[in-house]
Amino acid sequence: MERRKERIDRGVKVRSDGIYALNSYREVFYLAFPRLIPILGLLVICPLFSEYWKEVFVSTAVYALLAVSWELLYMGGLISLGQSLFYGVGAYIAGALNAYWGVPPILSLPIATLVGGVFCTLMLLPVLRLRGIYFAMVTLVLPLLLSRFVEATRILGGTEGLTGIDSFSSQWVAFYLVQVALLVAFFGFRRLEGSDYGLVIKGINDNDRAIMSSGINIYWYKTQILFMAGAVGAFAGAYGAHYDMFAGIPGFALDYSILPIAAAAVGGMGSFAGPLLGAFILVPLSEILRALGALRIVFYGLFLVFAVVGLPEGLFHFIRRKYEQIERWVEVDKG
Amino acid sequence: MSDVLLTVSGVSKHFGGVVAVDDVSFELKAGEIVGIIGPNGSGKTTLVNIITGFVRPDKGRVVFKKEDITGKPPYHITDVGIARTFQMIRPFYQLPAYKNLIPSLFSPRVRRLLGGKYGDRDAVAMDILEEVGFERDSSVPYKSARNLPHGYLKRLELGRCIALRPEVIILDELFSGMSIAEVTSTVPIIEKLRDEGIAIIMIEHRLRELFQITDHVLVFNFGRKIAEGTPEEVMNSNEVKEAYLGSEEIEEEETAC
Amino acid sequence: MFAAILIYGFINSSILALVAMGFNLTFGISGVANFAYGAIYIFAGFLVWIFLNTLGVNYFFSIILSFLSSFLLGYLMYRFVILRVRGLPLSEVMATFGLGLAIMELFRYLDFVGVKYSLPVFIDGSVSIGGHFIDYQRLLIAVIAVVMTVAFYFFTHYTKLGLAFRAIAQDDETALTLGIDPDRIGAFSLALGSSLAALAAIIILPLGTISVENGYEVLINALAVCIVGGLGSTVGVIVASVLVGYSQTLTANYIEPHWMILVSLAAIAVVLVVKPSGIFGKQKELEERV
């Protein structure tokens, strides 16, 4: 007698069509449960923690926004090594609006989100036509370019940065604002991914030739996702500027670039839940490891390597498989 | 004489020292099927790539319904109404067959033709798949492209073109890799498209099947058009005989890719 | 003034050429964009320092040891990281980027910061050329850069191994059928690229202090030169180093030294917009058309 492992779908979903056939509350719960985890987790459970941990969850949410934005670009085949570009641009726009003209956060956040999105899109527009590693190279270079530019020209406060930016009216506003924004971006992008629009975007990554010969202007679609990703990242930056009451060159720092990628790699690329999960593992982990100081980035780097090389699937896909399928050993006859 | 849809005039393309296409001209009218034949490497696919904008010609012009489309990007050329299949098929393997048509149905062209609406894309996709011979009530249209046999994938490519509601369809070796039964069932689909007034260019190595449905053939060799006319005319022409001499086994030479 | 710019521009160009050579070699042969390149550069520099000052090895052997270690590091990187994601350019980029970051920030964590982290020059003193004093180290850099480029050209065009490299670069499947093992050549290309980074570090770093930021700067300069010249092209690297080198020197002279790295960055941006494959690039597949 030999044994082999058998995997059985739980069978709620008619897999070939993505249509859900729900027959009982049990099945409703089965589908809703994973989706409720982030909602309840972010809005209900996180606030129960101490002030210190609430702050940790705020910065986790900021990184998670950048990670979700990274994943959107990845979906379209664009690898960004410089999410800090989005963060820094958003932070400087909101910071400048507030510091120079006294624009309150309620206005500066949406303005920075939109203008930041447009600005980043324009900066990256020239390389959008190129395949492969070029986009990655340029995204790596641009944040450095901008930070050197600020340093050299001494605009926007130069190396000192912009200080004394208005904070949010209360800790609660600050907390819920970023968590809600994260949920909106997360579920919004997931919705997009499941739609025919998302299918086209993923198609560009897969086989741009086929999409082009379907009469679809792939550059225009890439521009659109670039804008969306840029806007989400710029929002994270603008929020960060108001939260820290500071906007400066550290906004272009590597932390904001490497952590989202590491989060996506650990959590699992190819789905939006992966980067979210990854961010909520890595950022609190790095808080625990705070004593290690600069060693943090070393860990992120190594996490990234391990995840890319040894765990290409990522945690989320593993968990999902376990959730959706029953595994069992069955005995088979040798003959 | 019906109206001319597509005019290719004096098109040439060099790749390094190799002349892939050399001063080629022809016309295509609505509701006609033009066959293009020739040995491997005679520039047939390059010509298709030039017409559909994937390769920019060194010389010459491609005009579609009075619009000069030379060197325009591929998506623009599809948008004005020229659809093509690829010789090397690369469907979206992880998607169900009918979802493979979604990008075409999502295109600006289709929306424009539908008056700004997209309609129920999944239902339309199923209709088109049935048209190209997918069994509607079976699981075939729902299977992911990875699990479909080659013949189905070829017809899926054809379906992708039909979904665009084009005026010109270019089929780059559609029949290669298909079984005889599959070809026999595909021929009426193409004839029906022709009867609807769509102009069709077929690049083929399977001459017997091609000559059943077309009466106008262009013969290519070394990038040049060496003969044009009905199948009987071209097969009797001395130049064609020369080009094919020693390559009697042309039917076995089909590229499997 | 003019003579000074001419001389210093040439030296700066030599530095850029040396820095870019290894990155370009690896990419040209195996198509791997080694984003850990800057990390290997400072790794080599710090290693020499450690051997020299902590372990008390003499300078010459420190250099040899560091050079060999870098070769080994490159080989191990291929063997344990890149081999597993071979053929997936985006994974290659992420893996090497992560690795490079880990190496560089490890040095920062270990507190390798400060003026004391500098290497002695090979030969002290300077020589006067046309009224300008050029120290021997800079002169040496220029000489080695020229020798290396010439040697490189002959290596890739006239030796068996070099020809094998070029065969792999053209089409690794065909090369496979000719009895060339792409994995061995790939590993060797990364190892060789890394040891070139080490060589550049060993002769350039005595000019200043070794710092983690050097690593980032070197990566950017290497990227700039390779993108401007066309990835994988030897002639392109030479021309691009001269172009970028002189524009940097001019910028430093007439505007401000602060802006030097901006020149590299701007050069990348301009070339990518105007001619994405670079001046001598043959990377057709990088352009969108099929």
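Just so it is clear, the model here is predicted, and its values are computed rather than measured.

(A) Representation of the overall build of chain A in the model. Within chain A, the secondary structure is distributed over 13 helices and six strands. Its C-alpha atoms give chain A a radius of gyration of 21 Å, within 12% of the compact-globule value 20 Å for 335 residues. Dimensions of chain A, computed from C-alpha atoms along their principal axes, come out at roughly 80 × 55 × 40 Å. Per-residue burial over chain A gives 55% buried out of 335 residues.

(B) Inspection of the interface of chain A and chain C at higher detail. Taken together, the 44 residues of chain A in the interface contact 46 residues of chain C. Across the interface of chain A and chain C, roughly 4000 Å² is buried in total on both sides, 81% from carbon and sulfur atoms. Here Arg148 of chain A makes a salt bridge to Glu217 of chain C, at a shortest N to O gap of 3.4 Å. At the boundary of chain A with chain C, the tally comes to one residue pair in polar contact (both at pLDDT 80 or more). Counting residues per element, the ones that place at least two in the side of chain A that touches chain C are α5 (133–153), α8 (208–212), α9 (218–244), α10 (255–267) and α12 (295–310) of chain A. Among the residues forming the side of chain A that touches chain C, the class breakdown is 33 nonpolar, three polar and eight charged.

(C) Broad picture of the packing of α5 of chain A against helix α9 (residues 212–229) of chain C. Relative orientation of the contacting elements α5 of chain A and α9 of chain C amounts to 125 degrees, with a least axis distance of 11 Å. Taken together, the axes of α5 of chain A and α9 of chain C are oblique relative to one another. Our pair here, α5 of chain A against α9 of chain C, has a crossing hand that is left-handed. Here α5 of chain A contributes Tyr134, Met137, Leu140, Val141, Leu144 and Arg148 of chain A to the contact with α9 of chain C, which in turn contributes Glu217, Leu219, Ile220, Leu223 and Ile227 of chain C.

(D) A look at the interface of chain A and chain B. Every contact between the two is made by 21 residues of chain A and, on the other side, 25 residues of chain B. Buried area between chain A and chain B, both sides added, is near 2200 Å², and the carbon and sulfur share of it is 59%. Contact with chain B buries area across many residues of chain A, yet Asp196, Arg209 and Ser213 of chain A alone supply 27% of it, more than any other trio. For the pair chain A and chain B, the interface holds two salt bridges. With a closest N to O distance of 2.5 Å, Arg121 of chain B and Asp196 of chain A form a salt bridge. With six residues, the top contributor of residues to the side of chain A that touches chain B is helix α7 (residues 196–206) of chain A. Tallied by class, residues from the side of chain A that touches chain B come to ten nonpolar, seven polar and four charged.

(E) Examining the sheet that holds strand β2 (residues 18–29) of chain B more closely. Residues and elements named next belong to chain B. Here four strands make up an open sheet; going across it, the order is β2-β1-β4-β5 and the pairing antiparallel. A strand with exactly one partner marks an edge of an open sheet, and here the two such strands are β2 and β5 (67–68). Relative to strand β4 (residues 59–64), strand β1 (residues 4–15) is paired through five bridges, and the arrangement is antiparallel. Paired with Leu6 across the bridge in β4 is Phe64. The strands touched by helix α1 (residues 44–51) are β1, β2 and β4; relative to β2, the strand with the most contacts, the crossing angle is about 65 degrees.

(F) Highlighting unusual backbone geometry. Phi at Met245 of chain A takes a positive value of approximately 55 degrees, unusual for a residue other than glycine. Tracing the backbone shows Met245 of chain A in the loop between α9 and β5 (246–247). Located in the positive-phi region is Phe222 of chain B, a residue other than glycine, with phi close to 50 degrees. Along the chain, the position of Phe222 of chain B falls in the loop between β9 (216–221) and β10 (224–229).

(G) Spotlight on the confidence of the model for chain B. On average, residues of chain B score 85 in pLDDT, and 94% of them are at 70 or above. Low pLDDT, under 50, characterises residues 248–257 of chain B; the stretch is placed with 16 contacts to residues that sit more than four places away or in other chains.

(H) Structural detail: α5 of chain A. Residues and elements named next belong to chain A. Given a rise of 1.5 Å per residue, 21 residues ought to cover 30 Å, and the 30 Å separating the end C-alpha atoms of α5 matches this to within 8%. Among the 21 residues in α5, 16 count as buried, and that is most of the element. Immediately beyond the C-terminal end of α5, within one or two residues, lies Arg154, with a positive phi of roughly 60 degrees.

(I) Just the nonpolar core, in detail. Ranked by internal contacts, the top residues of the largest apolar core, which has 215 residues, are Tyr239 of chain A together with Phe23 and Phe35 of chain C. The biggest single contributor to this core is helix α2 (residues 51–75) of chain A, with 14 residues. Excluding anything up to four places from it in sequence, Phe23 of chain C contacts Met137 of chain A together with Ala33, Asn34, Tyr37, Leu219, Ala222, Leu223, Cys226 and Leu231 of chain C. Residues Ile89, Ala125, Val187 and Val217 of chain B belong to the second largest nonpolar core, which totals 49 residues.

(J) The arrangement of the pairing of β1 of chain B in detail. All names here are of chain B. Two strands pair when backbone bridges link them, and β1 and β2 are joined in this way by eight bridges, in the antiparallel orientation. In the sheet register, Lys13 faces β2, and the bridge partner there is Val21. Between the end of β1 and the start of β2, which pair antiparallel, lie two residues, with Gly16 showing a positive phi angle near 60 degrees.

(K) Just the packing of aromatic side chains, in detail. Under the criterion given, the structure shown has 38 aromatic pairs over all chains. Here the aromatic rings of Tyr63 of chain A and Tyr256 of chain A are separated by 5.5 Å at their centres, their planes lie at 25 degrees, and the arrangement is stacked. Of this pair, Tyr63 of chain A sits in helix α2 while Tyr256 of chain A sits in helix α10; the two residues are 193 residues apart in sequence, bridging distant segments of the chain. In this pair, the class of Tyr63 of chain A matches that of Tyr256 of chain A, namely buried. Linked through ring pairs, Phe49, Tyr52, Trp53, Phe57 and Phe280 of chain A together constitute an aromatic cluster. If you follow Arg209 of chain A out to its NZ or CZ, it ends over the ring of Phe86 of chain B, 3.8 Å from the centre.

(L) Region of the structure containing the pattern of salt bridges. According to the stated counting rule, one finds 25 salt bridges over all chains in the structure shown. The salt bridge partner of Glu51 of chain A is Lys54 of chain A, with a shortest N-O separation of 3.1 Å. Placement of both Glu51 of chain A and Lys54 of chain A in helix α2 is noted, with a separation of three residues, approximately one turn of the helix. Note on Lys54 of chain A: relative accessible area 4%, which makes it buried. A salt bridge links Glu130 of chain B to Arg136 of chain B, with the nearest nitrogen and oxygen atoms 3.0 Å apart. Overlapping salt bridges, with partners in common, bring together Asp196 of chain A together with Lys99, Arg121 and Asp122 of chain B in one network.

Reading the values: the criteria
- Residues numbered from 1 in each chain as written.
- Chains lettered and ligands numbered in written order.
- Predicted model: local features only at pLDDT ≥ 70, side-chain atom pairs only at ≥ 80, totals over all residues.
- Heavy atoms only, no water.
- Helix = DSSP H or I, 4+ residues; strand = E, 2+ residues; numbered from the N terminus.
- Rg over C-alpha atoms; globule rule 2.2 N^0.38 Å.
- Buried < 20%, exposed > 50% of the residue type's maximum accessible area, 1.4 Å probe, protein only.
- Contact = heavy atoms within 4.5 Å.
- Buried area = accessible area lost by both parts, 1.4 Å probe.
- Salt bridge = Lys/Arg side-chain N within 4 Å of Asp/Glu carboxyl O.
- Polar contact = N/O pair within 3.5 Å; in protein donor to acceptor, adjacent residues only side chain to side chain.
- Nonpolar A, V, L, I, M, F, W, Y, C, P; charged D, E, K, R; others polar.
- Axes fitted to C-alpha atoms, helices over the stretch in contact; angles between N-to-C directions.
- Parallel < 35°, antiparallel > 145°, perpendicular 65-115°, else oblique.
- Left-handed = near helix turned anticlockwise from the far one by under 90°.
- Pairing = 2+ DSSP bridges.
- pLDDT = per-residue confidence, 0-100.
- Expected span 1.5 Å × (residues − 1).
- Core = buried A, V, L, I, M, F, W, Y, C linked by side-chain atoms within 4.5 Å.
- Phe/Tyr/Trp six-rings, centres within 6.5 Å; stacked < 30°, edge-to-face > 60°.
- Lys NZ or Arg CZ within 6 Å of the ring centre and 35° of its normal.

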